[in-house]
Amino acid sequence: MEFPIIQKNWKKGMHKVGIVYPNLYYGGVYCLGPLILYNIINKLDNFICDRVFLDKGDVSKYDLVGFSLQYAPDYYNFLKMRKDCKGIVFAGGPCVNMNHKTLSKYVDFFVLGEAEVVMEEILGKFEGNKEKFLEEIKDIKGVFVPGKTKKESFAVVEDINDINYPLYQPFPEKIDKSFVFDKVFMLEIERGCNFQCKFCAMPQLYGKTKYRSLENIKKIIDDGLKLNKRNKVMIYSASFSHPQRKEILKYLIEKKVRFSVPSLRVELVDEELLQLIKKGGQKTLTIAPEADEKARVKLGKNVKDEKYFEFIELANKLNFETLKVYFMVGVDENLDEMIKLIEKIKEKFKKRTYISVNPFIPKPRTKLEEKVFDKKDIKQRIKYLKKNLSKIKVKFSGVSQAESDWRLGLVNQI
Ligand code: SF4
């Protein structure tokens, strides 16, 4: 049993919408995209909406089935689940916003951009007849009907404070350890990112960062915690750059709730911020140097190694227990320099360090979209890292060889 759910009584003439997260439930519950639609659609009189996951729910039950595509590896599950859909199929989410064309064959319409400003208008045209419906929505800003829409357009939220927040965030009443982030209330404080890392799609997807006002955030915290009966908050943001981030954390501390923050841009961190994070009960910090300094700066992430070392000193001083450090391969990094950096980070941080290394996959609409993806070279780079890091007793995680092969294969295909 999930709590809290939006309960609606079935009336004749109502339409059923399934919003699908095409992966496993225990991870999907933490995704805000499907929750946004679940909350919006259930506010509409003639519609009733459920969330569906790879391992929960049945896509064949719905008049409209909307897939939220967050990660490219989910395309495989999407195709698997698509086969069972009987209703009209639509798709949205970051992957679709980056490149919807590859999926045109499998989707009746796409929602491009920020769905919350356009979903009500779209569904308002639905009466049951597919052809009539697609014809009527084809020119709505943010809708792309393959074969009918002439020009791509994106729905844009002008002021993030003007849109309703997805307050209903159902979780099972009892969770086990597979729900790694615990039972949380998800709090989106900002959308987009003002940094310009060339490999990242975030700045292209949302443009300039949209910040929620402190007043709005406080209200969401009050209402969200009360409705969901949670005592932990997961802060949703790409780079945690909100100008009032300290005030937000202070408010959560005042409310006596625990919280977690996302990966940190070290140049935005000072001792006071880390102290607040510690007070909120977080024991692990996450940073992403991505590569050696020279390659990092070329990638548009203009942060010197020294800044990471200063951050580690602060983390030591405040006694954080774990440091997670993310790197990529396949971005013209100098592997020997990267190994030296990893060694130094391990030496400097007094407690546990986790190193994660992932293959770089060029993303459409980013400055590196044209970069040649060389599967063989990436495999060799991972092998070289493994060999040399094991000499200095550093193990790293990332995608498994099988998953990596699969991802690389997928990228080659689409
Ligand atoms: S990698 Fe992070 S900091 Fe860089 S642009 Fe993307 S979201 Fe922003």
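Residues numbered from 1 in each chain as written. Predicted model: local features only at pLDDT ≥ 70, side-chain atom pairs only at ≥ 80, totals over all residues.

1. Topic: the overall build of the chain
Check the secondary structure of the chain and you find 15 helices and 17 strands. The C-alpha atoms of the chain give 22 Å as radius of gyration, which agrees with the globular expectation for 414 residues (22 Å, within 12%). Of all 414 residues assigned to the chain, the portion counted as buried reaches 37%. (Helix = DSSP H or I, 4+ residues; strand = E, 2+ residues; numbered from the N terminus. Rg over C-alpha atoms; globule rule 2.2 N^0.38 Å. Buried ≥ 20, exposed ≤ 12 C-beta atoms within 10 Å, placed from the backbone.)

2. Re the sheet that holds strand β3 (residues 47–53)
Whether parallel or antiparallel, the strands of a sheet pair through hydrogen bonds between backbone atoms. Reading across the sheet, the 6 strands line up as β3-β2-β4-β5-β6-β7 and stay open at both edges, with mixed pairing between neighbours. Looking along the sheet, the strands with just one partner apiece sit at the ends: β3 and β7 (143–144). Pairing between strand β4 (residues 64–68) and strand β5 (residues 88–92): 5 bridges, direction parallel. Paired with Ser68 across the strands is Gly92, a residue of β5. (Pairing = 2+ DSSP bridges.)

3. Considering the site of the ligand
As a matter of local geometry, the ligand sits amid Cys193, Phe195, Cys197, Cys200, Met202, Pro203, Ala238, Ser239 and Arg265. Here the shell around the ligand is composed, by residue class, of 7 nonpolar, 1 polar and 1 charged. (Near = placed C-beta within 6 Å. Nonpolar A, V, L, I, M, F, W, Y, C, P; charged D, E, K, R; others polar.)

4. Observations concerning the pairing of strand β2 (residues 15–21)
With respect to burial, β2 is a largely interior element, 5 of its 7 residues being buried. Here β2 pairs with β3 via 7 bridges, running parallel. When the bridges of β3 are listed, Lys16 appears paired with Ile48. In the sheet, β2 pairs with β4 via 4 bridges, with the strands oriented parallel. Looking at the pairing, Ile19 lines up with Gly66 of β4.

5. Considering the domain arrangement of the chain
Taken domain by domain, the chain comprises domain 1 (2–144) and domain 2 (160–413). Centre-to-centre separation of domain 1 and domain 2, based on C-alpha positions: 28 Å. At the junction of the two partners, domain 1 supplies 22 residues and domain 2 supplies 25 residues. Per element, the largest residue contribution to the side of domain 1 that touches domain 2 is 5 residues, and it comes from helix α2 (residues 32–41). Of the residues that constitute the side of domain 1 that touches domain 2, the class distribution is 17 nonpolar, 3 polar and 2 charged. (Domains from an automatic or database assignment. Contact = placed C-beta atoms within 7 Å.)

6. So, the pairing of strand β15 (residues 322–329)
Two faces, one strand: in a regular strand the side chains alternate between the faces of the sheet. Alignment of strand β14 (residues 284–290) against β15, held across 5 bridges, turns out to be parallel. By the bridge assignment, Leu285 is partnered in β15 with Leu323. Pairing of β15 with strand β16 (residues 352–359) involves 8 bridges; the strand directions are parallel. Bridge assignment links Tyr326 to a residue of β16, and that residue is Ser356. For the crossover from β15 across helix α13 (residues 335–348) to β16, the handedness is right-handed. (Right-handed = clockwise from strand over helix to strand, strands pointing away.)

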